[in-house]
Amino acid sequence: MCTPAPGGRGRGRVRLNVGGRVFQTTATTLAAAGRDTMLGAMLDASWNAAAAGDEADYFIDRDPACFAVLLDLLRTGGLHVPPHIPDAVLCREALYYGLLDRVRAARWDDFDGDRLRLAASVPGRAPGDGTAVRPAPDGGCCVAHGGAVRVYNWMLEERRPVYLDHAPVNDAAYLDASTLLVAARERPGRRDGGVAAFSALTGEMRHRFRVAHDRQVRSFTPGALAFDQECSIFASCKGRLNEYGIGVWDGTTGEQTGFFYEPPGCALGDADKLQWLDGTKTLMAATMFPRADSSFISLLDFRDKNVVWSWCDVGTPASLEDKHAVHAIAMEDGRSICVINQYDDLGFLDLRSSAGGVRWRSRSKLMSRKKVHAEETCYPKLATHAGQLFASTNDAISVFTGPDHALTSTLRGSDGGAICDFSIGGDRLFALHNEKNVFDVWETPPPPII
Amino acid sequence: MNPQRKRIPKIEPFKHRVEVDPKFFDKSWKKLDDAIREIYNHNASGLSFEELYRTAYNMVLHKHGGRLYDKLAENLKGHLREMGKLVEAAQGGLFLEELQRRWADHIKALQMIRDILMYMDRTFIPSSKKTPVFEHGLELWRDIVVRSPKIHGRLVDTLLELIHRERMGEMINRGLMRNTTKMLMELGSSVYQDDFERPFLEVSASFYSGESQQCIERCDCGEYLKNAEKRLAEESERVSLYMDAKTADKIANVVDKEMLSIHMQRLFLMENSGLVNMLINDKHEDLTRMYDLFKRVPDGHSTIRSLMASHVKETGKILVTDPERLRDPVDFVQRLLNEKDKYDEIVSVSFSNDKTFQNALNASFEHFINLNNRSPEFISLYVDDKLRKGVKGAANEEDIETVLDKVMMLFRYLQEKDVFEKYYKQHLAKRLLSGKTSSDEAERNMLVKLKTECGYQFTSKLESMFTDLKTSQDTMQSFYANLSGDSDGPTISVQILTTGSWPTQPCATCNLPPEILGVSELFRAHYLGTHNGRRLTWQTNMGNADIKATFGDRKHELNVSTYQMCVLMLFNSTDTLTYKEIEQNTAIPPVDLKRCLQSLACVKGKNVLRKEPMSKDISDSDAFHFNDKFSSKLVKVKIGTVVAQKESEPEKQETRHRVEEDRKPQIEAAIVRIMKSRRVLDHNSIVTEVTKQLQARFLPNPVVIKKRIESLIEREFLERDKVDRKLYRYLA
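Note that the structure is predicted; figures quoted are calculated from it, not measured. (Residues numbered from 1 in each chain as written. Chains lettered and ligands numbered in written order. Predicted model: local features only at pLDDT ≥ 70, side-chain atom pairs only at ≥ 80, totals over all residues. Heavy atoms only, no water.)

Draft legend 1. Quick peek at the interface of chain B and chain A. Listed by partner, the interface residues are 20 residues for chain B and 20 residues for chain A. At the boundary of chain B with chain A, total buried surface from both sides reaches about 1,900 Å², with 62% on carbon and sulfur atoms. Together, Phe-49, Glu-50 and Arg-122 of chain B form the three largest contributors to the area buried by chain B at its contact with chain A, with a combined 29%. Linking chain B to chain A there are 2 salt bridges. Linking Arg-35 of chain A and Asp-115 of chain B is a salt bridge whose minimum nitrogen-to-oxygen distance equals 2.8 Å. Put simply, chain B and chain A have 6 residue pairs in polar contact (both at pLDDT 80 or more) between them. Listing elements by their share of the side of chain B that touches chain A, those giving two or more residues are helix 2 (49-61), helix 4 (94-116) and helix 5 (118-128) of chain B. Taken together, the residues of the side of chain B that touches chain A break down into 11 nonpolar, 3 polar and 6 charged. (Contact = heavy atoms within 4.5 Å. Buried area = accessible area lost by both parts, 1.4 Å probe. Salt bridge = Lys/Arg side-chain N within 4 Å of Asp/Glu carboxyl O. Polar contact = N/O pair within 3.5 Å; in protein donor to acceptor, adjacent residues only side chain to side chain. Helix = DSSP H or I, 4+ residues; strand = E, 2+ residues; numbered from the N terminus. Nonpolar A, V, L, I, M, F, W, Y, C, P; charged D, E, K, R; others polar.)

And the structure:
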């Protein structure tokens, strides 16, 4: 779509006077910005019909120092910000020219667990303990604290927080960059809580998801959230009248499309982790210690409302009795589930056989715990990304790479106490620390030029 | 003064005013408003983009995004109303062109306005959930111009009128059409669909409904289909030239429905030109067209298929039940083959070798071939004819091969394959014994084909017939090698046939003339000497002999059957014999004797005997004289036996009876096999299973199956269940 001004003018040379400082560059360099940017439009033929002369001459009434950085970005593709330019100023100028996306792209590279760099630590201000940190697709994130969800854009500027009846938030998730789902607990006698969609940009509520049993709308307490590729939304639900199970909604219309009532012996309504497995078109639901006395993991097929696979740690040998799987994640190949216990041992469950228990990794004890937290223990959590496995253990995150999951990196950031939750998305890793509610942002720096 | 009234000092909070200029918005907007006017007036060259962009940026930055958006919408509406008036004023043919020109102007202006307001598009629009500037401009164009009451109807009518004119063969400005429909598409697919596509499809439906009515009155089926094909091509071209690609299927559906679906039955059944007519006259091109066109119509192909099938069945039925045809079996089968070739070609050329059509064809052939229960016999006779003489003309291997392949196709249709086997065995035996097979290769080829079709069992006996002949040759060689020296007497050639492999009837041996008897006894001694524990019976009804005879001074060599030879040899000692004497001397069964005398005395030109009285039939009181006046141009005379090539009625009955007898044990075996594995089964299931097991060979009659079950119950292979009488139990 880029139509540079007709040729012949000094071989496409362009002279720009930005806030008094003169820059000379070529139309091609500026065209790299794209037609849908201020610079692209300015050079477009429709705005230069009458211009004559050998060299195009433009005046832009903006700060020259920032323009120099951005012009350098257009010329080289690399972003180098001199220390005297504050980040916020650069971002504002980039937004003026329509180059903010390019700045973002130049800031950090594709996510790689072994090349992470601590980019920022955002101090928490919210009361109560953080329950979850969730990534936005564009690099922003949200943090659930007590009855609110605090929303940050990718520049880590805080937006308007999101509330759902000020009820305690169990889980949050981004449906897309501008839509945030919140699952909040129902408080006794108040019929509040539930699942709702909010605009991440303005904090307005867009839709409230209802659950109906026998065509009667009932209040419920949602646990974990998940979605599949076709934009169905899943939430583990506890109704008042023992209506336990997993609710399903259509993400486009917001209407309930199904409800998977929990069969006897399967804890679904309490599940604290849901994960959609695209390869097998099933949903993993995990209800873990200490929320339940024993950990239970199952794979559900919603097409015929069937429990395809399940595992439970009831009846494990007495020697292992005090070891409980406290978090689980389905591996990306869809063939196994990784679990972790409170002593940071990693274990694997084979999804292809229904017998066979957890294969605990021998000598997988990563490090001895320095001290046992007196009141609040942060149990370890797991995440996967592009073949790498991440486990939060106390105040650090371990990165395991390769088919044998060898420990390749350890990330340790702010001194904010143990990590109570972390997540990966939008090419960033967010780790929420328990004590000071500070969260760390890890990103992959662009590779060196040589 | 009230002392209580205290003066409470009021402290005004300090308000920091950010916005200095209260007229900031109005001033800024005026700048933009002027610029937009210049843009619409094609006078944008004096404008500074940077300044306008910065103005809009500042307005958004100072939270005037909402007001700016509203003002812009108002401004655009004003410009569009003016443009709408200009378009309305355009006369006749210029209407579309004016609309097109204004549209181009609007798009151009809109692009520039979007450039100015780019910052608003990026920041204000997403958070306020409003339509972006460009899209909003298109919506306004749609509502104010395209859907204005004075333009909307006129636009649709103009477009449809132009399309109608093009359908009637006029040239229209397709570029203009393309631009106009493209404009509607850019306004959103729903605008295109509601404002153009739907009325277009409606008008097309009524156009084609009218045309098809006219056309079907006027044309025959072939022409009609040609026209439909042409129309379909035209419509698809029209869509590709100036409509959305998605319309292609929709308009094609309309044409299919109006021109094909509705008239389907009438077209197929059209007299003198419909489907049947095309089939009869091999109109491959028309049939191909029909196949291709009705592919698009639901039930189209299935209707063609069932019409074709019923036509084939009907003509086939006439063919196989025509008594005229039954006279010549070879011709009968040849006609079947021709019919099959004809339809095979139609299916392969016109129906693109569609499997479902092939199946329908096969089912039809199977249906009518089995209507005549002599089909198995005739097919065997046809093979006999081909293998006996070789195919006429070029009798090379490949031709025979193709003929045999075709015959196998007919064979597959036969339900009573065992009957065919019976006849084939007889005919093969005759061929082999009389040495009339044209090619050993072809015979074996046929066997291989039957074997692959029906399995080893089907042909094992036929194969052993070949082996017998081979061993016979060896035996004869060794016999004559031993018999060296005495070469004066008659020579015999014996073929040793294994009992059971050959279709022999137990026959009373006749009395052989003493000369022959001598040699045969020698052979018997030789054979039994080399092979222990065997029994040798003479099948005199099947042999033949060459004898030399002298009529007056003419010498002839006569080729006769063994029976005829026996009779003629009697005349060596006397010139006259009565029927009774002949019968006594030869001991030939009366039926065969009569037949053989008939051929010796009653056939003109080959009457080596004279009969008294001269009549066609042989009676017991007849007397026979040696006919010394017999003459022939040839030295070698073949005296045929009066044997019908086809079976006579009683023979047929007998064959049928034998087949029925042979089936009994097969059915019983099948029942026992099934019951052995199932233990308990009800009657209907047995019947279905038996039928399934045996259908490769024949189609067993349920009544017969029932009889066989009863017989098995009698013999205590099975019993009826004591509670449920419909159930049978297998008794181990």
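There's plenty left to go through after this.
Draft legend 2. Quick look at the sheet that holds strand 5 (residues 130-135) of chain A. All names here are of chain A. Read from one edge to the other, the open sheet built from 4 strands follows the order 5-6-7-8, with strand pairing classed as antiparallel. A single partner strand is all that each edge strand has here, and the edge strands are strand 5 and strand 8 (162-163). In this structure, strand 5 lies alongside strand 6 (residues 141-145), joined through 5 bridges in antiparallel fashion. Along strand 6, the bridge assignment pairs Pro-135 with Cys-141. (Pairing = 2+ DSSP bridges.)

Draft legend 3. Region of interest: unusual backbone geometry. All names here are of chain B. One non-glycine residue, Lys-129, lies in the positive phi region at around 55°. In this fold, Lys-129 is placed in the loop between helix 5 and helix 6 (133-146). Accessibility expressed as a relative area gives 56% for Lys-129, which makes it exposed. Phi angles above zero are rare outside glycine, and Ala-587 is one such case at about 60°. Structurally, the position occupied by Ala-587 is in the loop between helix 26 (579-586) and helix 27 (590-601). (Buried < 20%, exposed > 50% of the residue type's maximum accessible area, 1.4 Å probe, protein only.)

Draft legend 4. Main features of the pairing of strand 2 (residues 21-26) of chain A. All names here are of chain A. Alignment of strand 1 (residues 13-18) against strand 2, held across 6 bridges, turns out to be antiparallel. Bridge assignment links Val-18 to a residue of strand 2, and that residue is Arg-21. Taking the residues that link successive antiparallel strands as the turn, the strand 1-strand 2 hairpin has 2 residues, and the phi of Gly-19 there is positive, at about 50°.

Draft legend 5. Region of interest: a positive patch on the surface. Residue and element names in this part refer to chain B. There is a patch of like positive charges on the surface, built from Lys-77, Arg-81, Lys-85 and Lys-150. For the positive patch, the leading source of residues is helix 3 (residues 65-89), giving 3 residues. Within the element layout of this structure, Lys-85 appears in helix 3. Since its relative accessible area comes to 57%, Lys-85 is described here as exposed. (Patch = residues over 30% accessible without salt bridge, like charges linked within 9 Å, V, L, I, M, F, W, Y side chains within 5 Å. Areas by Shrake-Rupley, 256 points an atom, 1.4 Å probe, with all protein chains shown as cover. Lys, Arg positive; Asp, Glu negative; His and termini not counted. Charge placed at Lys NZ, Arg CZ, Asp CG, Glu CD.)

Draft legend 6. View of helix 14 (residues 284-294) of chain B. A large share of helix 14 of chain B lies buried, amounting to 8 of its 11 residues. Here helix 14 of chain B has its buried residues at His-284, Asp-286, Leu-287, Arg-289, Met-290, Tyr-291, Leu-293 and Phe-294 of chain B.

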